[in-house]
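Residues per chain are reported as follows:
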Amino acid sequence: MSTPGTTGGTQPATVAGGVEITAAAALPADDVLVRLRTSPGGLPEDEARRRLRAVGPNALRTHRARGLAVLARQLRSPLLVLLAVTAVASFFVGERADALIIGVILTASVGLGFFNEYRAERAAEALHSQIRHRCLVLRDGRPRLLDVTDLVPGDVVELRLGDVVPADLRLLAVADLECEESVLTGESLPVAKAPEPVPEGAPLAELASCALMGTVVHAGSGTGVVVATGGAAEFGRIALQLGERHPETEFQVGLRKFSLLLVRVAAALTVSIFAINVVLDRPFIDALLFSLAIAVGISPQLLPAVVSTGLAAGTRRLARHKVLVKRLVCIEDLGDIDVLFTDKTGTLTEGRIAFARALGPDGRPSDETLELGLLCNEAVATGEQDGGPGHAAGMLTGPALDVALWEAPGAGTLGPELERYRRLDILPFDHQRRAASVLVRHEDGGTTLVTKGAPEYVLARCPAAGGQARSMLEAEFAAGNRVVAVATRQIVEGARQGALSPADERDLTFRGLLVFLDPPKPSAPHALERLTALGVTVKVLTGDNATVAAKLCADLGLPPGRVLTGHDVDAAGDDELAGLIEQATVFARVSPEHKARIVRTQRRAGLDVAFLGDGVNDAIALHAADVGISVETATDVAKDAADVLLLEKNLDILADGVVQGRRIFANTMKYVLMGTSSNFGNMFSAAGASAFLPFLPMLPSQILLNNLLYDTSQLAIPTDTVDAEQVARPTRWDVRLIRRFMLFFGPISSVFDFVTFGIMLWAFHAGPPLFRTGWFVESLATQTLVIFAIRTRRIPFFRSRPSLALLLATLTVVTVGAVLPLTPLAPLLGFQLLPAPFFLALGLMVVAYLGLIEAGKRWFFRAAPPSAPGRERTPAHRTHRRAHRFTTAGALRRGRRRAGFMAGRGRGRRR
């Protein structure tokens, strides 16, 4: 190969930005290596570090908590800014005391939101910093695992089944490599890859010589050189168009949109209130400050802090329940699960597979069958002899069934006989054939092919296997046992050439069955009952026999319904498969491709789908699901593909995660429902009071102080307990419900405000200071205490108790509001000492208000329409989810997409 850095008479490429993928696809692989100044053995470590400094991390998102950004979000309300500007203006026209008070309260309010949201962002940053996504890279000719964010142009990457391609790669070598590229092209069918160049100018979907960032290795393996990273990659360009920050969750998007609607309504009413005050010849500045304070007071400023605090607290709570999430959005996704697809081994069963017995072709116990199973075995043991069939010394690793064979009581006595064989070749197990074969030679010179695998596959290749073999098999399946068939064929010396292939698995002689036990997990029935009670439909995807899987499910109380096999999945079109999935609980003898297709088909029905798996063959389905779930003991590929990790493979733990996700949603909705209804009522009351009172019903500083105290009490909502019925079903964001709730309960709040107005004017003959003090105390008490009624559909306290933190926070705020008129701050804030009878009237009003809310609540929820249907996932959701693995705590490098593309020859095509 040419010296790196030159190609004939052309100039060397500038590798800072890599090589454009469409240009690299049309070049021979050796030319791309030259242009990138690298080699098939990868980059030297020091050169890779230099390139990383020049190019920046291979990242698309930043998870750094930025205080200024959080502060900007707190200040982005134009109403708040306008109020602050007006307060400053009032300071310079003589209203200095009021302006200073408004400034202090605004600062405290913004500081409260900033502190809580920034603390939550720091927790999210710590979570993201713990997550590592790695790939296998050649550096200095040696393979090593490297964080994907450390990749640079010129690195050589090895791809394996289930990997997410970590950058745009020009393939150097492949072995039956196929990539699923739906995240880029929308096409779910995998694309076959080959290292040969494609025609120049080929579109993105036809770049067969490249593996594109963000796509998934669907089959096979390969090696490729990195030509573009980060925002210079095709997937990176798309992801960066959606923003550098981690996107809002769908729930947060709904909250923001509804908040904007509320702000628009508030703005309209604020203008009306201001106009009324101007018409009544009240001072212009006072009228403007009052109107703006009302608008700021009813705006749900604390929503981001409540949501962020709830999600951050949720991660800690889930960790205590042995559930680790990689993204905060996973908490909400867990709560949204409608359908869970799970494997069988270790989830519904103990996962400790034990060898039971070996049966000969006549159905009798047979050591010879066990011996053949040990010969055709992929377990690796320390102390294994080179070229030998292996023995049981030392630690064993490998397929569970093969390890169980070596742990069988009779395996040790067969050691001397096994040593007489020498392994010549092996055809490993794969999930298409569901079998493995070895070619062994006995010391007497005889050569034998031994095949071991799924009985359906093996018996189909045994022409002489009769009814007795199938009767034996059916009896074992009916008992719920796992069964492996063994067959052999004598090989005539010189009759075959080349490596062992599936074509050699023919004309076999049936030699018997190996029977294994994997008993049901005692905790599984209870876990399945919990998930069913939570509205989660559990379906089983397994490579095991259909009869065995159906019996296990029936024994655990999970009706199997119609049992589908991989053959049924292949034979059905997408629409037909969707109907079959509804009828079936068990999917047996399914391949990794079948699992992914079943998951995608179920998702298209509008349901939120989770997949639980722990093997390499589960990685594709983990990527296809809305929520990929794996376990701490899973393979690296499965753990890398998952969004959620369980520290134990236990459905009870998963049920805990579902409950926690729904708990966070339920608590956030409490804030939304209470805030929108009480704020709307306050707007309505302020508008009415302004129309008939000869003075402002409350000073701007009092309105803001009321809002600050109210918001402080609500920060305890994420700690609140949640009723069982609130987590019994997935709950979606429903704007219709919130709007109806606001319009129904808001006026009820206003009724008691107007009652307060009447009491203050006619019973106590109140002047402006006393009137304002009375409304301040009543408004704060009613809108804060109403949380105890709104937080549950049950009878508060008797059938549903709030958390201690919420109880203390609420009562403390109400007490502070009632005591403020007694403190030295009262004159400064415009308060006046309230007469004792007022508190008696206040107590009666609070009791009547909460009673009316309780009665209205029962009528409202009985008459409420069905909840919103399942959400539709947009393509952006999949892009955001895939982009999550390319995240860094630092700033991203921008503007480098076209840097250095194909200098000299200029063959790169810009699109």
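For every chain, the first residue of the written sequence is number 1, and numbering continues from 1 along that sequence. Residues qualify for local features only when their pLDDT is at least 70, as the model is predicted, and side-chain atom pairs are given and counted only at 80 or more; totals for whole chains, interfaces and linings, by contrast, use all residues. Processing note: side-chain calculations cover all non-hydrogen atoms of the structure and skip hydrogens and water entirely.

Observations concerning the overall build of the protein
Our working rule: In DSSP terms, a helix is any run of H or I states spanning at least four residues, a strand is any run of E spanning at least two, and both are numbered starting from the N terminus. Type-normalised accessible area, obtained with a 1.4 Å probe on protein chains alone, sets the label of each residue: buried when under 20%, exposed when over 50%, and partly exposed for intermediate values. Under the convention used here, a 1.4 Å probe and the Shrake-Rupley method define accessible areas, while residue burial counts only the protein chains that appear.
The secondary structure content of the protein amounts to 33 helices and 25 strands. Across the 911 residues that make up the protein, the buried fraction comes to 57%. When the accessible area of the protein is evaluated, it comes to approximately 35,800 Å², of which 59% is carbon and sulfur surface.

Considerations on the packing of helix H26 (residues 700–714) against helix H30 (residues 804–819)
Applicable threshold: In this analysis an axis means a line fitted to C-alpha atoms, helices contributing only their contacting stretch, and an angle means the value between N-to-C directions, from 0 to 180 degrees. What sets the label is the angle itself: under 35 degrees gives roughly parallel, over 145 gives roughly antiparallel, 65 to 115 gives roughly perpendicular, and the rest give oblique. Handedness of a helix crossing follows the sense of rotation of the near helix relative to the far helix, less than a right angle counterclockwise being left-handed and clockwise being right-handed. Here, residues are in contact when the closest pair of their heavy atoms is within 4.5 Å. Lys, Arg, Asp and Glu make up the charged group, whereas Ala, Val, Leu, Ile, Met, Phe, Trp, Tyr, Cys and Pro make up the nonpolar group; the residues left over, Gly among them, are polar.
For the pair H26 and H30, interaxial distance at closest approach is 8 Å and the crossing angle is 165 degrees. By the criterion of interaxial angle, the relationship of H26 to H30 is roughly antiparallel. Classified by chirality, the crossing of H30 by H26 is right-handed. Together, Leu709, Tyr710 and Ser713 of H26 and Leu806, Ala809, Thr810, Val813 and Val816 of H30 make up the contact between the two elements. Residues belonging to the contact of H26 with H30 are distributed by class as follows: six nonpolar, two polar and no charged.

A short note on the pairing of strand S23 (residues 627–631)
The following threshold applies: A pair of strands is labelled paired if DSSP reports no fewer than 2 bridges between them. Seen with its strands pointing away from the viewer, a crossover is right-handed when the path leading from the first strand over the helix to the second is clockwise.
When you tally the buried positions in S23, you get five out of five residues, the bulk of the element. Because side chains alternate across S23, one face comprises the buried residues Val627, Ile629 and Val631, and the other comprises Gly628 and Ser630, equally buried. When strand S22 (residues 609–612) meets S23, the two strands line up parallel, connected through three bridges. Residue pairing across strands places Phe611 opposite Gly628, the latter belonging to S23. For the handedness criterion, the β-α-β arrangement of S22, helix H23 (residues 619–624) and S23 is classed as right-handed. Two strands pair when backbone bridges link them, and S23 and strand S24 (residues 644–646) are joined in this way by three bridges, in the parallel orientation.

So, the sheet that holds S23
Backbone-to-backbone hydrogen bonds pair the strands of a sheet. The strands run either parallel or antiparallel. A sheet is described by the order of its strands in space; here eight strands give the open sequence S9-S24-S23-S22-S10-S19-S21-S20, paired in mixed fashion. Every interior strand has two partners, whereas the edge strands, strand S9 (323–325) and strand S20 (564–565), have only one. Alignment of strand S10 (residues 339–342) against strand S19 (residues 537–541), held across four bridges, turns out to be parallel. Each bridged residue has a counterpart across the sheet, and for Phe341 the counterpart in S19 is Lys539. Strands in contact with helix H19 (residues 546–555) are S19, S20 and strand S21 (586–588); relative to S21, the strand with the most contacts, it is inclined by about 155 degrees. With respect to the sheet, helix H22 (residues 592–603) is in contact with S10, S19, S21 and S22, its orientation differing from that of S22 by roughly 160 degrees.

With respect to the sheet that holds strand S18 (residues 509–517)
Spatial ordering of the open sheet is given by S11-S18-S17-S16-S15-S14, a layout of six strands whose pairing is antiparallel. A strand with exactly one partner marks an edge of an open sheet, and here the two such strands are strand S11 (354–359) and strand S14 (421–430). Sheet twist, expressed as the average angle between the axes of neighbouring strands with direction ignored, equals 20 degrees. Where S14 lies against strand S15 (residues 435–442), seven bridges are found, and the strand directions are antiparallel. Its bridge partner being in S15, Asp425 is matched across the sheet by Leu439. Against the sheet, helix H13 (residues 367–375) engages S11, S14, S15, strand S16 (447–453), strand S17 (482–491) and S18, with an angle of about 85 degrees to S18. Here helix H17 (residues 467–478) sits on the sheet and contacts S11, S17 and S18; the angle it forms with S18, its principal contact strand, is near 5 degrees.

A few points about the packing of aromatic side chains
The criterion, for reference: Pairing of aromatic rings covers Phe, Tyr and the six-membered ring of Trp, with a centre-to-centre limit of 6.5 Å; geometry is then stacked below 30 degrees between planes, edge-to-face above 60, and tilted otherwise. Here, a charge over a ring means that NZ of Lys or CZ of Arg falls within 6 Å of the ring centre while also lying within 35 degrees of the ring normal.
Counted by the stated rule, this structure contains 21 aromatic pairs. In this structure an aromatic cluster arises from ring pairing among Phe692, Phe695, Phe754, Phe757, Phe771 and Trp775. Residue placement shows Arg461 over the ring face of Tyr457; its charged tip is 3.6 Å from the ring centre.

Considerations on unusual backbone geometry
Positive phi values are uncommon outside glycine, yet Asp176 reaches one of about 55 degrees. Note that Asp176 resides in strand S5 (residues 168–180). For Asp176, a relative accessible area of 70% corresponds to the exposed category. Even without being glycine, Arg434 reaches a positive phi, approximately 60 degrees. With respect to the helices and strands, the residue Arg434 is situated in the loop between S14 and S15. On the basis of relative accessibility, which here comes to 14%, the residue Arg434 falls in the buried class.

Regarding H13
What counts is decided by this rule: Under this definition, polar contacts are N or O atom pairs within 3.5 Å; protein pairs additionally need one hydrogen-donor-capable and one acceptor-capable atom, and for neighbouring residues in sequence, both atoms have to be side-chain atoms.
Within H13, seven of the nine residues are buried, leaving the element largely enclosed by the surrounding structure. Within H13, the full set of buried residues consists of Thr369, Leu370, Glu371, Leu372, Gly373, Leu374 and Leu375. One side-chain oxygen of the residue at the start of H13 lies 3.3 Å from the amide nitrogen of Glu368, identifying that residue as Ser366.

A look at the pattern of salt bridges
Put simply, the rule is: By definition, a salt bridge exists where a carboxyl oxygen of Asp or Glu is found within 4 Å of a side-chain nitrogen of Lys or Arg.
By the definition in use, this model includes 37 salt bridges. With a closest N to O distance of 3.0 Å, Arg139 and Glu45 form a salt bridge. You can see Arg139 sitting in strand S2 (residues 134–139) and its partner Glu45 sitting in helix H3 (residues 45–55), a full 94 residues away along the chain. We note that Arg139, like Glu45, is buried. Across the pair Arg51 and Glu47 runs a salt bridge, and its minimum N-O distance is 2.7 Å. With Arg51 and Glu47 both in helix H3, this residue pair falls four residues apart, about one helical turn.

With respect to a nonpolar patch on the surface
The following threshold applies: Only residues above 30% relative accessible area that lack a salt bridge enter a patch, with like-charged residues linked at up to 9 Å and the nonpolar side chains Val, Leu, Ile, Met, Phe, Trp and Tyr linked at up to 5 Å.
The grouping of Leu68, Leu71 and Leu75 at the surface amounts to a nonpolar patch, some 280 Å² of accessible area in total. Tracing the sequence through the fold places Leu75 in helix H4 (residues 67–75). For Leu75, a relative accessible area of 36% puts it in the partly exposed group.

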